[in-house]
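Here is what each chain is made of, one letter per residue.
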Amino acid sequence: MPYDPSAYPPFAVTVDLVVLTVRRHSLCALAVRRGESPFQGRWALPGGFVRPDEDLTQAAARELSEETGLRVHDPDVVPAQDNGAHLEQLATYGDPKRDPRMRVVSVAHLALAPDLPAPKAGGDANSARWAPVEELLRQDGYGRDGEQAAPLAFDHAQILADGVERARSKIEYSSLATAFCPTEFTVGELRRVYEAVWGVALDPRNFHRKVTGTPGFLVPTGGTTTRQGGRPAQLFRAGGATLLNPPMLRPEV
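The following refers to the structure shown. (Residues numbered from 1 in each chain as written. Predicted model: local features only at pLDDT ≥ 70, side-chain atom pairs only at ≥ 80, totals over all residues. Heavy atoms only, no water.)

### Let's talk about the overall build of the protein
Along the backbone of the protein there are five helices and nine strands. For the protein, the N- to C-terminal ordering of α and β elements is β-β-β-β-α-β-β-β-α-α-α-α-β-β. Put simply, 65% of the contacts in the protein that link residues at least 6 apart link residues at least 24 apart. Surface accessibility of the protein: about 13300 Å² in total, with carbon and sulfur atoms responsible for 51%. (Helix = DSSP H or I, 4+ residues; strand = E, 2+ residues; numbered from the N terminus. Contact = heavy atoms within 4.5 Å. Areas by Shrake-Rupley, 256 points an atom, 1.4 Å probe, with all protein chains shown as cover.)

### Some remarks on the side chain of Ser26
Residue placement: Ser26 occurs in strand β2 (residues 26–34). Ignoring any residue separated from it by four or fewer positions in sequence, one finds Ser26 in contact with Thr21, Pro132, Glu134 and Ala196.

### Observations regarding the packing of aromatic side chains
Within the structure shown, the criterion is met by four aromatic pairs. With 5.9 Å between their ring centres and 20° between their planes, Tyr3 and Tyr8 make a pair best called stacked. For Tyr8, a relative accessible area of 54% translates into the label exposed. Here the aromatic rings of Phe39 and Phe154 are separated by 4.8 Å at their centres, their planes lie at 70°, and the arrangement is edge-to-face. Of this pair, Phe39 sits in the loop between β2 and β3 (43–44) while Phe154 sits in the loop between α2 (133–136) and α3 (156–173), and the two are 115 residues apart along the sequence. Under the relative-accessibility criterion, Phe39 is labelled partly exposed at 26%. In this structure Phe154 comes out as buried when scored by relative accessible area, which is 18%. A connected cluster of aromatic rings, assembled from ring pairs, spans Tyr194, Trp198 and Phe207. (Phe/Tyr/Trp six-rings, centres within 6.5 Å; stacked < 30°, edge-to-face > 60°. Buried < 20%, exposed > 50% of the residue type's maximum accessible area, 1.4 Å probe, protein only.)

### Examining the environment of Arg103
One can find Arg103 in the loop between β5 (86–93) and β6 (104–112). In this structure Arg103 comes out as partly exposed when scored by relative accessible area, which is 38%. When the C-alpha positions of Arg103 and Pro9 are compared, they lie 9.0 Å apart, and in sequence the two are 94 residues distant.

### Some points on the nonpolar core
One finds Leu20, Leu160, Leu190 and Tyr194 to be the most contacted residues of the largest nonpolar core, which totals 44 residues. When residues of this core are traced back to their parent elements, those giving at least two are β1 (12–23), β2, β5, β6, α2, α3, α4 (187–198) and α5 (204–213). The element best represented in this core is α4, accounting for seven residues. Grouped together as the second largest cluster of nonpolar side chains are 15 residues, Val19, Cys28, Leu64 and Trp130 included. (Core = buried A, V, L, I, M, F, W, Y, C linked by side-chain atoms within 4.5 Å.)

### Observations regarding the pairing of β6
The element β6 is extensively covered by neighbouring structure, given that nine of its nine residues are classed as buried. Along β6, one buried face is formed by Val104, Ser106, Ala108, Leu110 and Leu112 and the opposite face, lined by Val105, Val107, His109 and Ala111, is buried too. In the sheet, β1 pairs with β6 via nine bridges, with the strands oriented parallel. The residue of β6 that forms the bridge with Leu17 is His109. Alignment of β5 against β6, held across seven bridges, turns out to be antiparallel. (Pairing = 2+ DSSP bridges.)

### Some words on the pattern of salt bridges
According to the stated counting rule, one finds 13 salt bridges in the structure shown. Of the charged contacts, one joins Glu165 and Arg250 as a salt bridge, the two residues approaching to 3.1 Å between their closest N and O atoms. With Glu165 in helix α3 and Arg250 in the segment after β9 (233–238), this residue pair connects regions lying 85 residues apart in the sequence. For Glu165, a relative accessible area of 37% gives the class partly exposed. Note on Arg250: relative accessible area 28%, which makes it partly exposed. In this structure, Glu172 and Arg250 form a salt bridge, with 3.5 Å as the shortest nitrogen-oxygen distance. With Glu172 in helix α3 and Arg250 in the segment after β9, this residue pair connects regions lying 78 residues apart in the sequence. Taking the relative accessible area as the measure of exposure, Glu172 reaches 17% and is therefore buried. One salt-bridge network, held together by shared partners, links Arg51, Glu54, Arg62, Glu63 and Glu66. (Salt bridge = Lys/Arg side-chain N within 4 Å of Asp/Glu carboxyl O.)

Take it as geometry only, folks, not as evidence of what the structure does.
Right, here's the structure in full:
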């Protein structure tokens with residue numbers, strides 16, 4: 001049988017972004033208030049439709065740049081923090097009823113970056129802000145300034161939950177936690193990233209022993225800093241290891 005394109009209804013493809021950063025020792029996600037229907041006025045994850053001349057990575061990188069001003073890092077440049085944010089494909093969401101406008105399949109991406117400035121809204125979003133993930137994921141949704149709380153638009157609560165869990169699990173066995181840090185950082189600053197992402201308190205001495213004893217995880221820069229107060233602390237940068245052996249196991253809560 002010859003292939004008949006008209007036998008298959010067309011559908012749109014979007015990219016949605018779970019953009020995570022650590023602000024004031026809290027894991028935060030970028031949320032935008034939708035300026036158009038559907039779900040006008042509701043909070044959502046940033047994202048948009050894939051253009052005809054784009055592949056998925058290009059579309060995600062464009063949306064990331066438009067929403068945050070960040071560019072995706074070049075993996076051939078080390079350290080990665082010098083030239084952009086970490087971006088990876090998260091999952092695909094295709095419930096036929098996820099978008100009331102038409103059949104829309106979303107390919108979600110996870111983006112991680114160090115402490116980011118206040119976002120600027122773009123596209124069809126009329127405001128944007130960083131929000132702690134536990135507030136965005138509350139069962140009764142997210143509200144601010146006394147407004148009635150409402151769940152995230154579309155299926156974005158599920159996408160956000162999946163992105164947060166991906167980040168929490170990956171920092172156990174990979175060096176991904178350094179994507180939340182500046183180019184040079186202290187062990188204490190790295191520990192606070194783990195604490196913010198996992199939502200637990202970690203023993204400082206035990207953590208220091210583990211991360212400095214993991215081959216290829218951290219590389220001393222030779223410098224020190226007093227930006228955290230107290231005695232000068234040794235500065236490190238991310239090493240060349242992508243997988244941690246032994247892994248940094250998440251404490252049971």
